Amino acid sequence: QVQLVESGGGLVQPGGSLRLSCAASGFTFSTYVMGWYRQAPGKERELVASMSSAGSSTRYADSVKGRFTISRDNAKNTVYLQMNSLKAEDTAMYYCNGYPPIRPGYWGQGTQVTVSS
């Protein structure tokens, strides 16, 4: 069955960096557009970055453009999110999933990112 396992979150000071990873299984990873989403308390989940199946194109939300970089390794069924110049407003639970989601209603456990001094 579909499984998405996010990792790499943590507490970081403003201006710091984190690299998130997402290990995928249970579907043909290399054929899916993959994305990173985030959900802050009291807010709806939003897509922050996506990458085409072969990794040839990317898209970013305006709020993270120039600071976040999505990448993937299809041989390892893994997608990454490099986050630099982190801001307090980046604090959220971060999830990976297909774009659109691989299976309706399914989300992994996420990884918490907290940006605070």
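Keep in mind that what you see is a predicted model, and the values were worked out from it rather than measured.

Caption draft 1: Structural context of the overall build of the chain. In terms of regular secondary structure, the chain is built from 0 helices and 10 strands. Ordering the α and β elements of the chain from the N terminus gives β-β-β-β-β-β-β-β-β-β. Each of the 117 residues in the chain was classed as buried or not, and the buried ones make up 42%. Of the contacts formed within the chain by residues at least 6 apart in sequence, a portion of 53% connects residues at least 24 apart.

Caption draft 2: Region of interest: the pattern of salt bridges. All told, the structure shown has 4 salt bridges when counted by the stated rule. A salt bridge links glutamate 46 to arginine 38; its shortest N-O distance comes to 2.8 Å. Assessed through its relative accessible area of 32%, glutamate 46 is described here as partly exposed. A salt bridge links aspartate 90 to arginine 38, with the nearest nitrogen and oxygen atoms 2.9 Å apart. Linking aspartate 90 in the loop between strand E8 (78–83) and strand E9 (92–98) with arginine 38 in strand E4 (residues 34–39), this pair joins segments that are 52 residues apart in sequence. For the pair aspartate 90 and arginine 38, a shared accessibility class is recorded, and that class is buried. Overlapping salt bridges bring together Arg38, Glu46, Arg67 and Asp90 as one network.

Caption draft 3: Fine view of the sheet that holds strand E3 (residues 18–25). Read across the open sheet, the 4 strands follow the order E1-E3-E8-E7; overall the sheet is antiparallel. Among the strands making up the open sheet, the edge pair consists of strand E1 (3–7) and strand E7 (68–73). Going from strand to strand, the sheet's axes swing by 15° on average, the running direction of each strand aside. Of the pairings in the sheet, the one linking E1 to E3 comprises 5 bridges and is antiparallel in character.

Caption draft 4: Main features of the environment of arginine 103. Within the secondary structure layout, arginine 103 lies in the loop between E9 and strand E10 (111–115). Through-space distance from the C-alpha of arginine 103 to that of glycine 15 is 35 Å; in sequence the pair is 88 residues apart. In contact with arginine 103, not counting residues within four places along its chain, are Gln1 and Val2.

Conventions used here
- Residues numbered from 1 in each chain as written.
- Predicted model: local features only at pLDDT ≥ 70, side-chain atom pairs only at ≥ 80, totals over all residues.
- Heavy atoms only, no water.
- Helix = DSSP H or I, 4+ residues; strand = E, 2+ residues; numbered from the N terminus.
- Buried < 20%, exposed > 50% of the residue type's maximum accessible area, 1.4 Å probe, protein only.
- Contact = heavy atoms within 4.5 Å.
- Salt bridge = Lys/Arg side-chain N within 4 Å of Asp/Glu carboxyl O.
- Pairing = 2+ DSSP bridges.
- Axes fitted to C-alpha atoms, helices over the stretch in contact; angles between N-to-C directions.

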